[in-house]
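One letter stands for each residue in the lines below.
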Amino acid sequence: MKRVLIVFSFIGSFLILASQSFAADPTEPISQLEPLVERVISVLDEQKGGGDPEVTMDKLMVIAEEGFDIREMSKRVIGKKWRNLTPEQRDEFTGLFTELLRYVYVSQFGLYSGQTIEYGRQRIKGNRAQVDTAVVDSDMKIPVSYIMKLNGDRWQIYDVVAEGISLVRNYHEQFQSILRRDGFEGLTEKLQERIAELRKENGLSWYPLFPLPTLAVIPV
């Protein structure tokens, strides 16, 4: 079930909308995500038909970059040390973090098998929002919340919380120990090494992201 949850945590943040029809204000987070749903489902249907996983992930990453604020995720993952990074270093880390997410998720497409979604409440406060959902599989119900930020006129996801465990906080805790010991250069080196390993595996092995709090995506 945890592996199924991983699917919903990233690309599944679009799939959840397919389970209901909303008559919401077009300025609300939910209604802004609706146009992405059909595109995601179409891509996943192509993959089920035997598509190339890398091509599928390329298409999904294009959609994800619209629905996710990866820059904000990167900033929060680095934490206070983000202020000390140069613009070039910030760009470098954001690019590497995006690639890490890409290859962590590349093997997860086939795990979605019709689990149902219960859509909870939407809470908006200023330019922040939280949308609560639950992934239902047989007799199990796993809470998943999407934390969003208003950028201009678009709401974008910058964190996913499953069973109380935050994607951003999880990576933040891992990266802080590397930053303290090896600095920013050490962290980018380890990210590059890990991405190279994932590329070599061609996305065929499962690399868990969360909600396992003790996972080690990057060797430390």
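Refer to the structure presented above.
Scoring rules and cut-offs
Residues numbered from 1 in each chain as written. Predicted model: local features only at pLDDT ≥ 70, side-chain atom pairs only at ≥ 80, totals over all residues. Heavy atoms only, no water. Helix = DSSP H or I, 4+ residues; strand = E, 2+ residues; numbered from the N terminus. Buried < 20%, exposed > 50% of the residue type's maximum accessible area, 1.4 Å probe, protein only. Contact = heavy atoms within 4.5 Å. Phe/Tyr/Trp six-rings, centres within 6.5 Å; stacked < 30°, edge-to-face > 60°. Expected span 1.5 Å × (residues − 1). Bend = angle between axes of the 7 residues up to and from the residue. Polar contact = N/O pair within 3.5 Å; in protein donor to acceptor, adjacent residues only side chain to side chain. Salt bridge = Lys/Arg side-chain N within 4 Å of Asp/Glu carboxyl O. Core = buried A, V, L, I, M, F, W, Y, C linked by side-chain atoms within 4.5 Å.

Draft legend 1. Structural view of the overall build of the chain. Within the chain, the regular secondary structure consists of 7 helices and 5 strands. Start at the N end of the chain and walk to the C end: the helices and strands fall as α-α-α-α-α-α-β-β-β-β-β-α. The burial tally for the chain puts 50% of its 220 residues in the buried class. Within the chain, counting contacts between residues at least 6 apart in sequence, those at least 24 apart form 61% of the total.

Draft legend 2. Examining helix 5 (residues 70-78) more closely. The complete set of buried residues in helix 5 reads I70, E72, M73, S74, V77 and I78. Once helix 5 ends, the next one or two residues include G79, with phi positive near 80°.

Draft legend 3. Quick look at the packing of aromatic side chains. Counted under the stated rule, the structure contains 5 aromatic pairs. Ring centres of F97 and Y171 lie 5.4 Å apart, and the angle between their planes is 90°; on these two criteria the pair is classed as edge-to-face. In this pair, F97 is assigned in helix 6 (residues 87-105) and Y171 in helix 7 (residues 167-201), connecting sequence segments 74 residues apart. The pair F97 / Y171 is uniform in exposure class, with both members buried. Ring centres of Y171 and F175 lie 5.4 Å apart, and the angle between their planes is 35°; this geometry places the pair in the tilted category.

Draft legend 4. Spotlight on helix 7. An ideal rise of 1.5 Å per residue puts 51 Å on 35 residues; helix 7 reaches only 23 Å between its terminal C-alpha atoms. Considering bend angle alone, the principal kink of helix 7 is centred on D182 and spans about 120°. Here helix 7 starts with a cap whose side-chain oxygen sits 3.2 Å from the backbone nitrogen of V168, and that cap is S166.

Draft legend 5. Fine view of the pattern of salt bridges. Throughout the structure, instances matching the rule amount to 8 salt bridges. Note that R71 is salt-bridged to D91, the shortest N-O span being 2.7 Å. Highlighted residues: R71 in helix 5 and D91 in helix 6, separated in sequence by 20 residues. For the salt bridge of D132 with R123, the shortest nitrogen-to-oxygen distance reads 2.6 Å. With relative accessibility at 16%, the residue D132 sits in the buried group. Here the residues in one salt-bridge network are E72, R76, R128 and K149, joined through shared partners.

Draft legend 6. Just the nonpolar core, in detail. Among the nonpolar cores identified, the biggest contains 39 residues, and F93, F97, L100, Y171, F175 and L187 are the most heavily contacted of them. Where this core is concerned, the elements lending two or more residues are helix 5, helix 6, strand 2 (128-137), strand 3 (140-151), strand 4 (154-162) and helix 7. Take this core: its biggest share by element is 11 residues, from helix 7.

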